[in-house]
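Listed below are the residues making up each chain.
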Amino acid sequence: MSSSLPASAPGSIAGTAPGSATGAESSSSPLSSSMHGDEVESRTLALLEQLIARPSVTPHDAGCLDLIGDRLQTLGFRLERMDSGPADFRVANLWAVKDGRAGSGPRLVFAGHTDVVPTGELTRWTSDPFVPTVRNGHLFGRGAADMKTSLAAMVVAAEDFVAAHPDHAGSIAFLLTSDEEGPARDGTVVCVERLKQRGERLDFCIVGEPTSVDRLGDTVKNGRRGSLSGKLRVMGIQGHVAYPHLARNPVHQAAPALAALAAMTWDAGNDYFPPTTFQISNVQAGTGAGNVIPGEMVVDFNFRFSTESTPQGLRERVHALLDEHGLDYQLDWTLSGDPFLTPVGSLSAALSAAIAEETGVATELSTTGGTSDGRFIARICPQVVEFGPLNASIHKINEFVPLDQIAPLTRIYRRTLEHLLL
Ligand SMILES: [Zn+2]
């Protein structure tokens, strides 16, 4: 839409190739005359609109992977569906690879999800969430930010890169799933297990999660905290409030222990991670009657933990504190994600350089936010980062992506390929 946008961005010539595996010169300019902002934007936008029009609420893919797969196959990618899960919760997964010139260079993987979260009340949307709609320089639709714009931009970036550099080094891959927003049991984790079993090599992975906060490119995630949940059941003895000596009130017993847990410092974080946090999410006790001491109390809590803590260490400290308070309790734990961390390296350098060249923005590395599929991919890939458009509207009513981020995002992905695979 704005032709003045990216073509005039500073440093539009990618003369250096940070982290280039071959050390070869990269192309003199990734912006050929055919690569105008309008033209790139319209091609990414066209694919994005087709993706948004497919109502792919978890775990349904609604044909998104077929659409993307067709585009990739035309480019020379080998496709492999790795669908998984029971018939009533079937998850669509796609692994696609395109090799460059034989036997050289690293493999860069674009990863992401086609599924979107439910729309919520339709009447609260200004326009149908599955009819992509442009208003005031924004494209509205469920999945616009999380993360169909990234998917479309990755596909178009790969197309442009391959067209400009048919004999590129290394290889490009896509790892896509239709269950990232849901239980995530049959999605990326299944593909990663399979790839691991057959010894597939992954060197770099960019997950297209929407990471930008105020401006496109201001934030790249180079890790995520782990997530550990507990369901605590504190047992008491039910009784009449007028006869407390015949009962044992689990709320009175648990309250000081919960206060101590809430006040505890778990670690101080480190250069990459904020301190580990403990939060209570649900508390239930009582029959609803005003004259009954409850027989038990149930508390749900969650840790978002840094690499300074381990799940085992956190569990031990919680049990020690509960024991100290003399509680009669059961505690069930769920580890929903280990933390992962990609220290500064060739991938973050290439991506940061691409962002700076395209937008002039100095990128900050961050490990805040929820979990993502990066936690699984990090098991088989030494460098995993997440980067995508503005995340202000994700999971909300009237989700959107700013139109003027679509072309720059596409070119940032393409420039990153050029930095790493030429
Ligand atoms: Zn997402």
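Being a predicted model, the structure only gives us computed values, none of them experimental.

A. Representation of the nonpolar core within the structure. Core analysis: the largest hydrophobic core is formed by 54 residues, its most contacted members being Phe-110, Ile-172, Phe-174, Phe-387 and Tyr-413. If near-sequence neighbours (up to four positions away) are discounted, Phe-110 is found in contact with Met-154, Ile-172, Ala-173, Phe-174, Leu-175, Leu-176, Ile-206, Tyr-413 and Leu-417.

B. Structural detail: the sheet that holds strand 4 (residues 133-135). Here we have three strands laid out as an open sheet, ordered 4-5-19, and antiparallel in their pairing. Each edge of the sheet is formed by a strand with only one pairing partner; in this case those strands are strand 4 and strand 19 (400-402). Taken pair by pair, the neighbouring strands of this sheet meet at an average axis angle of 25 degrees, ignoring direction. Pairing of strand 5 (residues 138-140) with strand 19 involves three bridges; the strand directions are antiparallel. Note on strand 19: the bridge partner recorded for His-138 is Pro-402.

C. Local environment of the coordination of the zinc ion. Bound to the zinc ion on the protein side are His-113 (NE2), Asp-146 (OD), Glu-209 (OE) and Glu-209 (OE), at distances that span 1.9 to 2.8 Å. Metal-centred angles of 50 to 143 degrees between the four donor atoms at the zinc ion mark the site as irregular. Every donor residue of the zinc ion comes from the same chain, spaced as H-x32-D-x62-E. Of this pair, His-113 sits in strand 3 (residues 107-113) while Glu-209 sits in the loop between strand 7 (204-207) and strand 8 (219-221), and the two are 96 residues apart along the sequence. Pair check on accessibility: His-113 and Glu-209 agree, each one buried.

D. Highlighting the UniProt feature "domain: Peptidase M20 dimerisation" (unreviewed entry) in the protein chain. This chain's UniProt record puts "domain: Peptidase M20 dimerisation" (unreviewed entry) on residues 222-329. Structurally, residues 222-329 is divided into 26% helix and 33% strand, and its ends, taken at the C-alpha atoms, are 38 Å apart.

E. Seen up close, the sheet that holds strand 10 (residues 226-235). An order of 12-14-10-15 is seen for the four strands of this open sheet, with the pairing classed as antiparallel. Edge strands, defined here as strands with exactly one partner in the open sheet, are strand 12 (277-285) and strand 15 (329-337). The average undirected angle you get between the axes of adjacent strands in this sheet is 15 degrees. Pairing analysis gives 10 bridges linking strand 10 to strand 14 (residues 296-305), with the strands arranged antiparallel.

F. Inspection of the side chain of Ser-306 at higher detail. With respect to the helices and strands, Ser-306 occurs in the loop between strand 14 and helix 6 (311-324). On the accessibility criterion, Ser-306 (0% relative accessible area) is buried. In this structure the side chain of Ser-306 is engaged in a polar contact, spanning 3.0 Å, whose partner is the backbone nitrogen of Glu-308. Once residues lying within four places of it in the same chain are set aside, the contact partners of Ser-306 are Asp-267, Gly-269, Phe-273, Pro-274, Thr-276 and Pro-339.

G. Spotlight on the packing of helix 2 (residues 64-75) against helix 3 (residues 144-164). For the pair helix 2 and helix 3, interaxial distance at closest approach is 10 Å and the crossing angle is 10 degrees. The angle between the axes of helix 2 and helix 3 places the two elements in the roughly parallel class. Judged by residue contacts, Cys-64, Ile-68, Arg-71 and Leu-75 of helix 2 engage Lys-148, Leu-151, Val-155, Val-156, Ala-158, Glu-159 and Val-162 from helix 3. A class-by-class count of the residues in the contact of helix 2 with helix 3 yields eight nonpolar, no polar and three charged.

H. Structural context of the UniProt feature "active site" (unreviewed entry) in the protein chain. According to UniProt, the positions carrying the feature "active site" (unreviewed entry) are Asp-115 and Glu-180. Judged by maximum C-alpha separation, these annotated positions cover 66 residues in sequence but sit close together in space, the widest gap being only 6.9 Å. As for the lining of the largest pocket, the annotated residues named previously contribute Glu-180. Mapped onto the elements of the fold, Asp-115 is located in the loop between strand 3 and strand 4.

I. Highlighting the pattern of salt bridges. One pass over the structure, following the stated rule, counts 19 salt bridges. Residues Arg-43 and Glu-39 are paired through a salt bridge, measuring 2.8 Å at the closest nitrogen-oxygen approach. Taken together, the residues Arg-43 and Glu-39, both in helix 1 (residues 37-52) and four residues apart, mark about one turn of the helix. Accessibility expressed as a relative area gives 25% for Arg-43, which makes it partly exposed. Among the residues examined, Glu-39 registers a relative accessible area of 31% and is labelled partly exposed. The partner of Arg-43 in a salt bridge is Asp-160, and the shortest N-O contact between them spans 3.0 Å. Taken together, the residues span a long stretch of sequence, with Arg-43 in helix 1 and Asp-160 in helix 3 at a distance of 117 residues. For Asp-160, a relative accessible area of 9% puts it in the buried group. Salt bridges here are not isolated pairs; linked through shared partners, they connect Glu-80, Arg-107, Arg-198 and Glu-200.

J. Quick peek at unusual backbone geometry. A cis geometry characterises the amide bond from Thr-58 onward to Pro-59, with omega recorded as 0 degrees. Following the sequence through the fold, Pro-59 ends up in the loop between helix 1 and helix 2. Note the cis peptide between Asp-146 and Met-147, where omega equals -10 degrees. Here Met-147 is to be found in helix 3. Despite not being glycine, Ala-184 shows a phi value in the positive range, around 55 degrees.

K. Looking closely at the packing of aromatic side chains. Throughout the structure, instances matching the rule amount to 11 aromatic pairs. For the ring pair Phe-77 and Phe-174, a centre distance of 5.6 Å and an interplane angle of 70 degrees mean the geometry is edge-to-face. On the criterion of sequence distance, the pair formed by Phe-77 in the loop between helix 2 and strand 1 (78-81) and Phe-174 in strand 6 (residues 171-177) is long-range, its members being 97 residues apart. Side by side, Phe-77 and Phe-174 carry an identical accessibility label, which is buried. Look at Phe-387 and Tyr-413: their rings are 6.2 Å apart centre to centre, the planes differ by 75 degrees, and that puts the pair in the edge-to-face class. Linking Phe-387 in the loop between strand 18 (383-386) and strand 19 with Tyr-413 in helix 9 (residues 406-421), this pair joins segments that are 26 residues apart in sequence. Of the two residues examined, Phe-387 and Tyr-413, each falls in the buried class. Between Arg-135 and the ring centre of Phe-140, over which it is positioned, the NZ or CZ distance is 4.0 Å.

The rules behind these values
Counting restarts for each chain, with residues numbered from 1 along the sequence as it is written. Local features are withheld for residues below a pLDDT of 70 in this predicted model, meaning they are given only at 70 or higher, and side-chain atom pairs are given and counted only at 80 or more; totals for whole chains, interfaces and linings count all residues. The side-chain values count all of the structure's non-hydrogen atoms but skip hydrogen atoms and water molecules. For the purposes of this section, nonpolar cores are sets of buried Ala, Val, Leu, Ile, Met, Phe, Trp, Tyr and Cys residues that join through side-chain atoms within 4.5 Å. Only protein chains enter the accessibility calculation, which uses a 1.4 Å probe. A residue is then buried if its area is under 20% of the maximum for its type, exposed if over 50%, and partly exposed in between. The contact rule is simple, with two residues in contact once any of their heavy atoms fall within 4.5 Å. Two strands form a pair only when DSSP identifies at least two bridges running between them. Runs of H or I in DSSP of at least four residues are treated as helices and runs of E of at least two as strands, each being numbered from the N terminus. Whenever a helix is involved, its axis is fitted only over the stretch in contact; in every case the axis is a line through C-alpha atoms, and angles between N-to-C directions fall within 0 to 180 degrees. Only N, O and S atoms count as donors, using a 2.8 Å cut-off from the metal and 3.2 Å for Na, K and Ca, and because water is excluded some sites may appear unfinished. Any site counts as irregular unless it has four donors with all angles between 85 and 135 degrees, making it tetrahedral, or four or six donors with opposite ones more than 155 degrees apart and the rest between 65 and 115, making it square planar or octahedral. UniProt positions are given in the numbering used here, feature names are shortened, and annotations may be inferred rather than shown by experiment. Here a polar contact means two N or O atoms within 3.5 Å. Within protein one must be a hydrogen donor candidate and the other an acceptor candidate, and residues neighboring in sequence count only if both atoms are side-chain atoms. Angles below 35 degrees are treated as roughly parallel, those above 145 as roughly antiparallel, those between 65 and 115 as roughly perpendicular, and all remaining angles as oblique. Charged residues are taken to be Asp, Glu, Lys and Arg, nonpolar residues to be Ala, Val, Leu, Ile, Met, Phe, Trp, Tyr, Cys and Pro, and polar residues to be all remaining types, Gly included. Lining residues are those with an atom within 4 Å of a point, where the points come from a 1 Å grid over the protein atoms alone and group into cavities, where a 1.4 Å probe fits but cannot get out, or pockets, open sets with protein on both sides within 12 Å along at least five of seven lines. By convention in these notes, a salt bridge is any Lys or Arg side-chain nitrogen within 4 Å of a carboxyl oxygen on Asp or Glu. Side-chain rings of Phe, Tyr and Trp (the six-membered ring for Trp) are treated as a pair once their centres are within 6.5 Å; stacked means planes under 30 degrees apart, edge-to-face means over 60, and tilted covers the remaining angles. Put simply, a charge is over a ring when the Lys NZ or the Arg CZ is close to the ring centre, within 6 Å, and near the line of the ring normal, within 35 degrees.

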